[in-house]
Amino acid sequence: MRLKHKALLMPWAGGSSFSPPQLSGLQFWLKADAITGLNDGDPVTTWNDSSGSGRNATGVGAARPIYKTNIINGLPALQFSGAQIMSLAAIDLSATQGATLFCVSQQNTAALSILYEFSTNINSFTDAFVGYCDAAGLTTAALKGNVGTCTFASMDSYLTQWIVTSYVFDKSLTTQEARAWTGGISTGAFVNFNNTNNFGNRTSFIGARSGGTLPLTGYIAEMFLYNRALTTAERTQVEEYLG
């Protein structure tokens, strides 16, 4: 079986029959290859949720991303050109201190760019998290808790490369509350503040921050979120599937 995306920086040589709903806690599952009824170059108004939870991502007017065919390993992706954003209805994580986000994406411009933000603005809330790329093209994650912000940044730039990024947020830990892997490899440093509160019930955004700030210039092929911190074995299983 072939790897699904053949994204760069994935070390595995084989395929996987795994599917994200096989693990508990899946909140949404957005994949461009599940979109039907669109042609190359069409704007995407609704990105249907494949998890069964009904959490579709929506875009409006000129802020809609563009559906592009044959972008990665023969599969489609959504193009964000610095002015597009999609939103999801509120996701209630107020009963958990953990979350895990996966994203297959490509960033093409060296600018601070949101991939996914659980909140309207992480700087304004104490129960939020965000996966993004910084101005140098570094894979970055941040968790805002009740006593501080835990931030991770990779040491290598992945501009113009297709990558699989995994973000694990776990405020039940006393260290490494925010962790990230690019291509299954963890690099960088962790800052810890011993946060103890749960996450909240928040609207979330893809491709930019609420209001359209910090927009992504690049592509997203697949993204999904769990309402818990996956184990190492579970995370690796997902990464093999996405590779």
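Residues numbered from 1 in each chain as written. Predicted model: local features only at pLDDT ≥ 70, side-chain atom pairs only at ≥ 80, totals over all residues. Heavy atoms only, no water.

## Notes on the nonpolar core
Moving on, step 1. In terms of nonpolar packing, the biggest core is built from 35 residues, with Trp-47, Tyr-116, Phe-129, Ile-206, Ile-220 and Met-223 touching the most fellow members.
Moving on, step 2. If near-sequence neighbours (up to four positions away) are discounted, Phe-129 is found in contact with Leu-93, Ala-99, Tyr-116, Glu-117, Phe-118, Ile-122, Ala-142, Leu-143, Phe-169, Phe-199 and Leu-225.
Moving on, step 3. Trp-29, Val-164, Tyr-226 and Tyr-241 belong to the second largest nonpolar core, which has 18 residues in total. (Core = buried A, V, L, I, M, F, W, Y, C linked by side-chain atoms within 4.5 Å. Buried < 20%, exposed > 50% of the residue type's maximum accessible area, 1.4 Å probe, protein only. Contact = heavy atoms within 4.5 Å.)

## Overview of the pairing of strand β5 (residues 75-81)
Moving on, step 1. Counting buried residues along β5, 5 of its 7 residues qualify, which places the element largely inside the surrounding structure.
Moving on, step 2. Hairpin connection, strand β4 (residues 66-72) to β5: the antiparallel pair is bridged by 2 residues, and Asn-73 has positive phi, about 55 degrees.
Moving on, step 3. Across 4 bridges, β5 lies against strand β16 (residues 217-226) in antiparallel orientation. Each bridged residue has a counterpart across the sheet, and for Gln-79 the counterpart in β16 is Tyr-219. (Helix = DSSP H or I, 4+ residues; strand = E, 2+ residues; numbered from the N terminus. Pairing = 2+ DSSP bridges.)

## Observations concerning the pattern of salt bridges
Moving on, step 1. In the structure shown here, the tally under the stated rule is 4 salt bridges.
Moving on, step 2. Here Lys-68 and Asp-40 are joined by a salt bridge, their closest N and O atoms 3.5 Å apart. In this pair, Lys-68 sits in strand β4 while Asp-40 sits in the loop between β1 (26-31) and β2 (46-47), placing the two residues 28 residues apart along the sequence.
Moving on, step 3. Here Arg-228 ties to Glu-234 by a salt bridge, and the two come within 3.0 Å at their closest N and O atoms.
Moving on, step 4. For Arg-228, a relative accessible area of 21% gives the class partly exposed. (Salt bridge = Lys/Arg side-chain N within 4 Å of Asp/Glu carboxyl O.)

## Some remarks on the packing of aromatic side chains
Moving on, step 1. Tallied over the entire structure, the rule returns 14 aromatic pairs.
Moving on, step 2. Consider the rings of Tyr-116 and Phe-129, whose centres lie 6.3 Å apart with planes at 40 degrees: the pair is tilted. Separated by 13 residues along the polypeptide, Tyr-116 in strand β8 (residues 113-118) and Phe-129 in strand β9 (residues 128-133) bring together distant segments of the chain. This pair shows no difference in class: Tyr-116 is buried, exactly as Phe-129 is. (Phe/Tyr/Trp six-rings, centres within 6.5 Å; stacked < 30°, edge-to-face > 60°.)

## What to know about the state of the cysteines
Moving on, step 1. Following the criterion strictly, the structure yields 0 disulfides and no others.
Moving on, step 2. In this structure Cys-103 is a free cysteine whose sulfur lies 8.1 Å from that of Cys-133, the closest cysteine sulfur available. (Disulfide = S-S within 2.5 Å.)

Purely spatial values, then, with no claim about function.
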